[in-house]
Amino acid sequence: MQFPKVTLERPRWTPFNIVAAIVVVVGLGITVLRFTKGLAATTNLSDYNPWGIWIGFDLLVGVALAAGGYVTSAACYLFGLKRFHTAVRPAILTGFLGYALVVLALHYDVGRPWRLPYPFIVQQGTTSLLFEVAACVALYLTVLFIEWTPAALEWLGLKRARNLVVRLTLVLTIFGVVLSTLHQSSLGALFLIAPSKLHPLWYSPYLALFFFVSSIVAGLSMVIFEGALAHRYFHHKMDEAHRREADGVALGFAKAASWVLGGYFVLKVVGVAQADAWHHLASGYGAWFLVEVIGFVLLPCFFFAIGAREKNLRIVRFTAAWAVLGIVINRFNVGLIAFNYHLPSSERYFPHWMEIGISLFIVTIGVLAYKFIVSHMPILYAHPDYEPH
Amino acid sequence: MSISRRRFLGWMGAAGAGLAAGGRAHAAALPPSGGHPDALGVLFDVTRCIGCRKCEEACNRVNELPPPERPFQDLGVLQKTRRTDARTYTVVNRYEGIPGAKGPLYRKIQCNHCLEPACASACFVRAFTKNPDGAVTYDESVCVGCRYCMIACPFEIPTYEYDKALTPRVMKCTFCHPRLVQGLLPGCVEACPSEALTFGRRRDLLRIARERMAQFPGRYLDHIYGEFEMGGTAWLTISGVPFAAIGMREDLGTTPAPELTKGALGVVPVVAAMWPVLLTGIYAINRRRDRIAREEREAAVAAAVARAEAEAKKKLAEALAKAEKDKKAAIEREVKKALEEAARARGEAPAGPTPGTPGATKPA
Ligand code: SF4
Ligand code: SF4
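Being a predicted model, the structure only gives us computed values, none of them experimental.

Colleague: Give a detailed account of the overall build of chain B, specifying residues and quantitative values.
Modeller: Summing up its helical and strand segments, chain B has nine helices and nine strands in all. Classification of the 364 residues of chain B by burial places 43% in the buried group. By sequence separation, contacts in chain B at least 24 residues apart represent 61% of the contacts at least 6 residues apart. Taken as a whole, chain B presents about 19,600 Å² of accessible surface, with 59% of it coming from carbon and sulfur.

Colleague: Talk me through the site of ligand 2; I want residue IDs and the actual numbers.
Modeller: In the vicinity of ligand 2 lie 13 residues, with B:Cys123, B:Cys143, B:Cys146, B:Arg147 and B:Cys149 positioned nearest. In terms of residue class, the shell around ligand 2 is made up of 11 nonpolar, one polar and one charged.

Colleague: Give a detailed account of the environment of B:Thr129, specifying residues and quantitative values.
Modeller: Residue and element names in this part refer to chain B. Within the element layout of this structure, Thr-129 appears in strand 4 (residues 128-130). C-alpha separation for the pair Thr-129 and Leu-166, spaced 37 residues apart in sequence, amounts to 24 Å. Ignoring any residue separated from it by four or fewer positions in sequence, one finds Thr-129 in contact with Ala-135, Val-136 and Thr-137.

Colleague: Lay out the packing of aromatic side chains with the relevant residues and their values.
Modeller: For the coordinates displayed, the defined rule picks out 26 aromatic pairs over all chains. On the basis of an interplanar angle of 85 degrees and a centroid distance of 5.9 Å, the ring pair of A:Trp51 and A:Phe191 is categorised as edge-to-face. Here A:Trp51, found in the loop between helix 2 (39-42) and helix 3 (53-65), pairs with A:Phe191, found in the loop between helix 9 (169-189) and helix 10 (207-233); they are 140 residues apart in sequence, far enough to count as distant. Exposure remark for A:Phe191: the relative accessible area of 1% places this residue in the buried category. Taken together, the aromatic side chains of A:Trp51, A:Phe191, A:Phe339 and B:Tyr148 make up a single cluster linked through ring pairs. Over the ring of A:Tyr386 we find A:Lys159, and its NZ or CZ is 5.5 Å from the ring centre. The ring of A:Tyr48 carries the charged tip of B:Arg83 above its face, separated from the ring centre by 4.5 Å.

Colleague: Can you explain the pattern of salt bridges? Please cite residues and give values.
Modeller: All names here are of chain A. Across all of its chains, the model carries 27 salt bridges over all chains by this definition. In this structure, the salt-bridge partner of Glu-154 is Arg-89, at a minimum N-O distance of 2.8 Å. Residue Glu-154 is found in helix 7 (residues 129-156), and its partner Arg-89 is found in helix 5 (residues 85-109); the two are separated by 65 residues along the sequence. Under the relative-accessibility criterion, Glu-154 is labelled buried at 3%.

Colleague: A description of unusual backbone geometry should follow, citing residues and the corresponding values.
Modeller: Residues and elements named next belong to chain B. Positive phi outside glycine occurs at Arg-53, with the angle close to 70 degrees. Look at His-113: it is not a glycine, yet its phi comes out positive at around 50 degrees. For His-113, the position within the fold is in the loop between strand 3 (105-109) and helix 3 (118-122).

Colleague: Pulling in residues and values, what's your account of the packing of helix 9 of chain A against helix 10 of chain A?
Modeller: Residues and elements named next belong to chain A. Direction vectors running N to C along helix 9 and helix 10 enclose 130 degrees, while the axes themselves pass 7 Å from each other. Here helix 10 runs oblique to helix 9, going by the angle between their axes. In this structure, the crossing between helix 9 and helix 10 has a hand that is right-handed. Two secondary-structure elements touch here, helix 9 through Thr-181, Gln-184, Ser-185, Leu-187, Gly-188 and Ala-189 and helix 10 through Leu-207, Ala-208, Phe-211, Phe-212 and Ser-215. Classifying every residue of the contact of helix 9 with helix 10 gives six nonpolar, five polar and no charged.

Colleague: Can you break down the nonpolar core residue by residue, with the values?
Modeller: As a rule of thumb, nonpolar side chains are buried together in soluble globular proteins. Grouped together as the largest cluster of nonpolar side chains are 198 residues, with contacts concentrated most on A:Trp148, A:Leu190, A:Phe191, A:Leu198, A:Ile379, B:Tyr148 and B:Ile246. Per-element accounting of this core gives the leading share, 15 residues, to helix 7 of chain A. Once residues within four sequence positions are removed from consideration, A:Trp148 is found in contact with A:Ile92, A:Leu93, A:Phe96, A:Ile373, A:Met377 and A:Ile379. In terms of nonpolar packing, the next biggest core, distinct from the first, is built from 10 residues, B:Leu205, B:Leu206, B:Ile208 and B:Leu236 among them.

Colleague: Please set out the interface of chain A and chain B residue by residue, giving values where relevant.
Modeller: The interface of chain A with chain B comprises 61 residues on the first partner and 57 residues on the second. Summed over both sides, the interface between chain A and chain B buries roughly 5,000 Å², with carbon and sulfur atoms accounting for 61% of that surface. When the buried surface of chain A facing chain B is broken down by residue, A:Asp47, A:Arg112 and A:Ile193 rank first, second and third, together holding 15% of it. Between A:Lys82 and B:Asp290 there is a salt bridge, and its shortest N-O distance comes to 3.5 Å.

Rules used throughout
- Residues numbered from 1 in each chain as written.
- Chains lettered and ligands numbered in written order.
- Predicted model: local features only at pLDDT ≥ 70, side-chain atom pairs only at ≥ 80, totals over all residues.
- Heavy atoms only, no water.
- Helix = DSSP H or I, 4+ residues; strand = E, 2+ residues; numbered from the N terminus.
- Buried < 20%, exposed > 50% of the residue type's maximum accessible area, 1.4 Å probe, protein only.
- Contact = heavy atoms within 4.5 Å.
- Areas by Shrake-Rupley, 256 points an atom, 1.4 Å probe, with all protein chains shown as cover.
- Near = heavy atom within 4 Å.
- Nonpolar A, V, L, I, M, F, W, Y, C, P; charged D, E, K, R; others polar.
- Phe/Tyr/Trp six-rings, centres within 6.5 Å; stacked < 30°, edge-to-face > 60°.
- Lys NZ or Arg CZ within 6 Å of the ring centre and 35° of its normal.
- Salt bridge = Lys/Arg side-chain N within 4 Å of Asp/Glu carboxyl O.
- Axes fitted to C-alpha atoms, helices over the stretch in contact; angles between N-to-C directions.
- Parallel < 35°, antiparallel > 145°, perpendicular 65-115°, else oblique.
- Left-handed = near helix turned anticlockwise from the far one by under 90°.
- Core = buried A, V, L, I, M, F, W, Y, C linked by side-chain atoms within 4.5 Å.
- Buried area = accessible area lost by both parts, 1.4 Å probe.

See below:
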C-alpha cells in the first residue's frame, strides 16, 4: 500500500486566492470573538428574532442545496438511469461537504455547541421536529461520508476497503433517500408550530411537502450548476466519460427539474387556496410572494422545459442558477422575511456584518475543500485501477 | 395583600377536598391532554392593575435577577412598550388612548404556563417540564441553546442570554415553582397591592372570573383569555377592552401547539417504513428491466452470430460445390481434349479415316 504524495504547490496569488485568504482570516477573527464574547457581540439576534442567517441561510439553504447527493444517487442507482453515473461522485462530494458545513455552522449558532450530541445521548425530545432534523442530519452526514469514501480510498490505494464500501452502495442510497426525505421536509415542518408568526401566504400545513419537493429542484439545479462550474474550472481533471455524459446529465436533469417545478407550483397554489389566503396577495407581502412563486418557480419551470427541448445548454445552466436563487429566496422568506411579519420594523432582524462574515467564511471553506478534493481524488474521472460502480 | 400564606395553604387544602368531591367532572372539562386537573394558575384582572411595577420588583428579588437599569419605582419606563428579556421575567406595559377606557390600562406579561406548552413540545432535549402544579420549568443543565423554544412560543416569552459566551441560558418565568413547592406564593402575586393577580386552582379561577363578570355587568368582555387560547394556559386574563388593544394576540386559535406538529411527526414512521420498500421495489424493477434488456441483447447477439455462422457455412458449401463443379468441368474439358488429341493422332495414321471425322469424307 502506498499513500499518494500530496504536492502542495506554492499558493499563487490569483484573485480567487486573495479573496479566499481575506475571508478566511476575517472568519477566524470573528470565530474567536464569537466564542469569547458570545452571540451578542457578533450577531443581531434578539429575543424576538432567535434565528438569523446562520439558520436561515447556513441551515435551511445549505441543506436544500446539498440535496444533489441524494437526488443524483437515487436517479442513478435506484431509478437505473445509468447515463447519469458520472454525475454521482461530484454530487455526493458536494452533498457531503454541504452537510459537513451545515453542522459546522450550527456550532456557531447554538449557545452551547459542545452539547449538540445531548439530544441523542442525554434526553430525547421526540416531540420536537428539530429532533428529527438533528437525528436525520447526523445520520445522513455519516451516510454521505461513507458514500464519499470510495474516492478517498482509491486515492489512498486501499483497494479492499474501497471494494467493501462499494458493495454497500444500494443500501446507502436507500438509507440516504429515506433520511433526506425526512429531514428536508422536517426543516419546513419546523415552522408548523408557529402559525401566528409566519405570514399566512407562507404558513401552510403543507410546509413539509413544500420543502421536500423544492429540495429535489434544488438538488437537480445544483448538479447542473456545479457541473457547469466544474467544466469551466476543472475541465482538465475530467475523463472522456465525464465530458461525454455531462451534457446529457444537464439536459436530463433540466427536464426533471422542469416537471418537479411545475408540480411545486401547483402545490403552492393549492397551499394558498387551502389557507384561503387569496386576499393577502393584494398586500406588499402578496407581491413578494408572487415574485417568488411566479418569478422563481413558474418561469424557471418554463425555461428548463425550453432548454431541455431545444437542447440548449446555455439556457439550462442559466435557469439552474435562477432556480437555485429561487430556493434561497424561499428559505429566506420562511425563515427570516415572512417570519415575524407581525412585528414593527424596529423589532425586525437584519444580519450583523459578522454573521454574513461567518456565512461567507463557511462557504469559502467548502469551496477550498472541494478544490482540494477534486484536484487530488478521482471525482471527475474514474480511477484507472477500479471498475466503476 | 391579595392572599396570605395561610390562605394559600387553605387553597391547597381545598384543592385536596375538591379532588375527592368533584374532580372527575371538572377534569372532563379540561382539554384531554391538559393533564393536571388540580393545576394552579393566576387570574390577571386588567381592570384592577394600576401599573405600579411592584410585581416586577418582587419578581426580580425572589428570582435573584440582575438589578434593573432604572429602579422599579421609576414609572417613566412605562413610556416604552417592553417585553421579557434575559434579566426580566415579567413586565408591565401601559396602553393609552384606548376607546372605551377612562384612563391608561396596564397589562402584565410573563410566561402563561400553557397547558400544552409549545416550548416544551419544541425542545429537542426536553429541557422543559410541565409540572403537576401547573408551572412550566426549564432545566439549563441540558439546554443546547438552539432557541427553537423561542421560535415556538406563541406569546414570545422565552429569552436568551446572548451576551454570555460559554453558559448562555434560556430565561423565563418559572411560576415561582421553587416557592410553590415550599408553600409560598409567586413573588408577583404576593406583592400586588391591588389584587389584580388572583392565585388558585385554574378551574376555580375560571369560576371566579365568571362570577366577577356576572357581578359587574358591563365591566368585562365575555372572554377569559387563556381559557382556550393555544389549548389553554394556566395564567388567565380578563379585561374590559378587547385584548388586541392591550397587545394580546387574538388570532392564536385554540389548537394546542403539539397538535400543530402531530401530522408531520406522524409521517416519520410511514416514510421510514414505506420508502425502503418502495425504493427497493423500484430498484428491483429497474434491475429486472436492465437484466431483461441485457438478456435480449445477448439473445440478439447470439442469433446474429448463429445467422452469420449459418451464412458462412452456406457460403462455404456453395464455394465447395462450385469448386467441385469447376473441377469436374475442368476434368471433362481435359478428357475431351485428350480424346480429341487421340483421335487426331489416329486420323493421321495410315489405318484409314475415322468415321465421322471431316477428313474421312474428303475424297483422297
Ligand atoms: S407561554 Fe411560552 S414559554 Fe410559557 S409555557 Fe407557554 S409556550 Fe412555554
Ligand atoms: S434553546 Fe434550550 S430549551 Fe430552548 S429548545 Fe433549544 S435546547 Fe430546548
